[in-house]
Amino acid sequence: MKYTQLGRTGLKVSRLVLGTMNFGPQTNEADSHAIMDAALDAGINYFDTANVYGWGENKGRTEEIIGNWFAKSPDHRDKTVLATKMYGNMGAEGVPAWPNHDKLSALNIRRAVDASLKRLQTDYIDVYQFHHVDRDTPFEEIWQAIDTLIQQGKILYVGSSNFPGYKIAQANEIAARRGGTIGLVSEQCLYNLAERRAEMEVIPAAQEYGLGVIPWSPLQGGLLGGVIKKEISGGRRASGRAADTLANPTSRAQIQAYEDLLDKHGLEPGEAALAWLLTRPGITGPIVGPRTAEQLDSALRAVELELSEEILTSLDEIFPGPGPSPEAFAW
């Protein structure tokens, strides 16, 4: 496994991040523990989760599964850089949140971190992340709450998820003015070959302020994982975002060209998509969310995969990005 610093911090993390969103809803506890064992054995030390994972009536279940794994061995927690997220309503699905039971008020931040610590069976979280922007809570209040948690030893670093570039700048400028916390150190954003809008402002802002960038959905919901080939061979059919994209003839032709290119070079599409992300400036490492041990093995191979300049150029031709910022906005 290869490692890098998380943004401007001294924290060393693996170039692959183990995403745990499937633990509980799609992968049972025993298999989830086996995947975490295999990830740690392979050198993945950065595990990502969120308080809402488990979904529906089982929100929090994923954190519980991880907590039970930590309880199996002191080594598990000691060797893991643990990241979780908060923002969403932890109440029953479809029921409006009780006042102050969601978003980023100081009260909910305090409540949410204590609940996550209990589920995770740990006394601290390495990277505590805001899952979304809260338009109603000023960053002065957010940072005051975070400073208290850091002083209490409950969290070490803070990251964002799904923040636009201007909110990354605003959050860190206010943190700097207050002179307390070092501010945001990472940003999780939607970024992959087929969805490159983050290159226009999110990634430049993250680089300017020293945030590590953690792409989520690196295969665009399975779209970049050889979906047409699997469809033809009778394998798992596309669903959700991938199915919607393939319904468009132009987009389907684009994915077909992508799969044809990688087939020509003897490469697996999913592994190539991850390897491409690892070549991108400012990227710490993509989140991979394996449902099975086999999917984890495939992701691990991507770390060692070297894409030639010919392949990188061809990928840019198939999936052209927006261009450099600010030129992409104006000319």
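For the structure given in this document, a descriptive report is provided here.

**So, the overall build of the chain**
Then step 1. A count of helices and strands for the chain gives 14 helices and 10 strands.
Then step 2. Its C-alpha atoms give the chain a radius of gyration of 20 Å, within 12% of the compact-globule value 20 Å for 331 residues.
Then step 3. Seen along its three principal axes, the alpha-carbon backbone of the chain occupies a region of about 55 × 50 × 40 Å.
Then step 4. Considering the chain as a whole, with its 331 residues, one finds that 51% of them fall into the buried category.
Then step 5. Excluding contacts between residues fewer than 6 apart, the proportion of contacts in the chain whose partners are at least 24 apart in sequence is 76%.
Then step 6. Of the roughly 14900 Å² of accessible surface on the chain, a fraction of 50% belongs to carbon and sulfur atoms.
Then step 7. Taking the average location of the 32 positive side-chain charges in the chain and that of its 42 negative ones, the two points are 3 Å from each other.

**Digging into the sheet that holds strand β6 (residues 125-130)**
Then step 1. The eight strands lie next to each other as β9-β8-β7-β6-β5-β4-β3-β10, forming an open sheet whose pairing is parallel. Looking at the sheet topology across the chains shown, the edges are occupied by β9 (212-216) and β10 (287-288).
Then step 2. Contacting β5 (81-86), β6 and β7 (155-161), helix α4 (residues 106-120) crosses the sheet at an angle of about 135° to β6.

**Side note on the environment of Ala330**
Then step 1. On the secondary structure map, Ala330 appears in helix α14 (residues 327-330).
Then step 2. It is 39 Å that separates the C-alpha atoms of Ala330 and Thr20, two residues lying 310 residues apart in sequence.

**Examining the layout of surface pockets**
Then step 1. There is about 210 Å³ of room inside the second largest pocket.
Then step 2. Around the second largest pocket, the lining residues are Asn162, Phe163, Pro164, Glu187, Cys189, Leu190, Glu195, Arg197, Ala198, Glu201, Val202 and Trp216.
Then step 3. Of all the elements, strand β8 (residues 184-190) adds the most residues to the lining of the second largest pocket, at three residues.

**Observations regarding unusual backbone geometry**
Then step 1. With omega at 10°, the peptide bond leading from Ser325 into Pro326 counts as cis.
Then step 2. Structurally, Pro326 is set in the loop between α13 (309-318) and α14.
Then step 3. Residue Trp55 is not a glycine yet carries a positive backbone phi of 60°.
Then step 4. Looking at the secondary structure, you find Trp55 in the loop between β4 (46-48) and α2 (61-72).
Then step 5. Residue Trp55 is classed as partly exposed on the basis of its relative accessible area of 38%.

**Let's talk about the packing of aromatic side chains**
Then step 1. Counted by the stated rule, this structure contains seven aromatic pairs.
Then step 2. Where Tyr53 meets Trp55, the ring centres are 5.4 Å apart and the plane angle is 45°; that geometry is what we call tilted.
Then step 3. Residue classification places Tyr53 among the buried positions, given a relative accessible area of 8%.
Then step 4. Here the aromatic residues Phe47, Trp69 and Phe70 are joined through ring pairs into a cluster of three or more.

**Let's talk about the packing of helix α5 (residues 139-151) against helix α6 (residues 165-178)**
Then step 1. Relative orientation of the contacting elements α5 and α6 amounts to 60°, with a least axis distance of 10 Å. As judged from the angle between their axes, α5 and α6 are oblique. Judged by the twist between their axes, the crossing of α5 over α6 is right-handed. From α5, Phe139, Glu140, Trp143, Gln144 and Asp147 reach across to α6, where they touch Lys167, Gln170, Ala171, Asn172, Ile174, Ala175, Arg177 and Arg178.
Then step 2. Classifying every residue of the contact of α5 with α6 gives five nonpolar, three polar and five charged.

**Regarding the packing of α4 against α5**
A pair of packed helices is captured by two measures, namely the crossing angle of their axes and the spacing between those axes.
Then step 1. Axis separation between α4 and α5 bottoms out at 9 Å; the angle between their running directions is 35°. Note on packing geometry: the crossing formed by α4 with α5 is right-handed. Side by side, α4 and α5 meet where Ala106, Ile109 and Val113 of the first sit next to Glu141, Ile142, Ala145, Ile146 and Leu149 of the second.
Then step 2. Residue composition of the contact of α4 with α5, grouped by class: seven nonpolar, no polar and one charged.

Rules and cut-offs
- All residue numbers refer to position in the chain's written sequence, counted from 1.
- Whole-chain, interface and lining totals are the exception, using all residues; otherwise, since this is a predicted model, local features are given only for residues with pLDDT of at least 70 and side-chain atom pairs are given and counted only at 80 or more.
- Side-chain measures were taken over the full set of non-hydrogen atoms in the model, leaving aside hydrogen atoms and water.
- For helices the rule is a DSSP run of H or I covering at least 4 residues; for strands it is a run of E covering at least 2, with both sets numbered from the N terminus onward.
- Computation of the radius of gyration draws on C-alpha atoms alone. For the globule rule, the value is 2.2 Å times the number of residues to the power 0.38.
- To sort residues, take the accessible area from a 1.4 Å probe on protein chains only and compare it with the maximum for the residue type: under 20% means buried, over 50% means exposed, and anything in between is partly exposed.
- Contact between two residues is taken to exist if any of their heavy atoms lie within 4.5 Å; hydrogens are not considered.
- For the accessible areas, the method is Shrake-Rupley and the probe is 1.4 Å, while residue cover comes only from the protein chains on display.
- As used throughout, the charge tally considers Lys and Arg to be positive and Asp and Glu to be negative, leaving His and the chain termini uncounted.
- To locate a charge, the coordinates of NZ of Lys, CZ of Arg, CG of Asp or CD of Glu are taken.
- At least two bridges found by DSSP between two strands are what make those strands a pair.
- In this description, a line fitted to the C-alpha atoms serves as the axis of each element, helices being fitted only across the stretch in contact, and the angle between N-to-C directions of two axes falls anywhere from 0 to 180 degrees.
- Two kinds of site are reported from a 1 Å grid over the protein atoms alone, namely cavities, where a 1.4 Å probe fits but cannot get out, and pockets, open sets with protein on both sides within 12 Å along at least five of seven lines, and residues are called lining when an atom falls within 4 Å of a point.
- Grid points are joined across faces, edges and corners, and a volume is the space filled by probe spheres set on the points.
- Ring geometry is summarised as follows: Phe, Tyr and Trp rings, the Trp one being its six-membered ring, pair when their centres sit within 6.5 Å, and such pairs are stacked at plane angles under 30 degrees, edge-to-face over 60 and tilted between the two.
- Angles below 35 degrees are treated as roughly parallel, those above 145 as roughly antiparallel, those between 65 and 115 as roughly perpendicular, and all remaining angles as oblique.
- With the far helix as reference, a near helix turned anticlockwise by less than a right angle produces a left-handed crossing, and one turned clockwise produces a right-handed crossing.
- Put simply, Ala, Val, Leu, Ile, Met, Phe, Trp, Tyr, Cys and Pro go in the nonpolar bin, Asp, Glu, Lys and Arg in the charged bin, and everything else, Gly too, in the polar bin.

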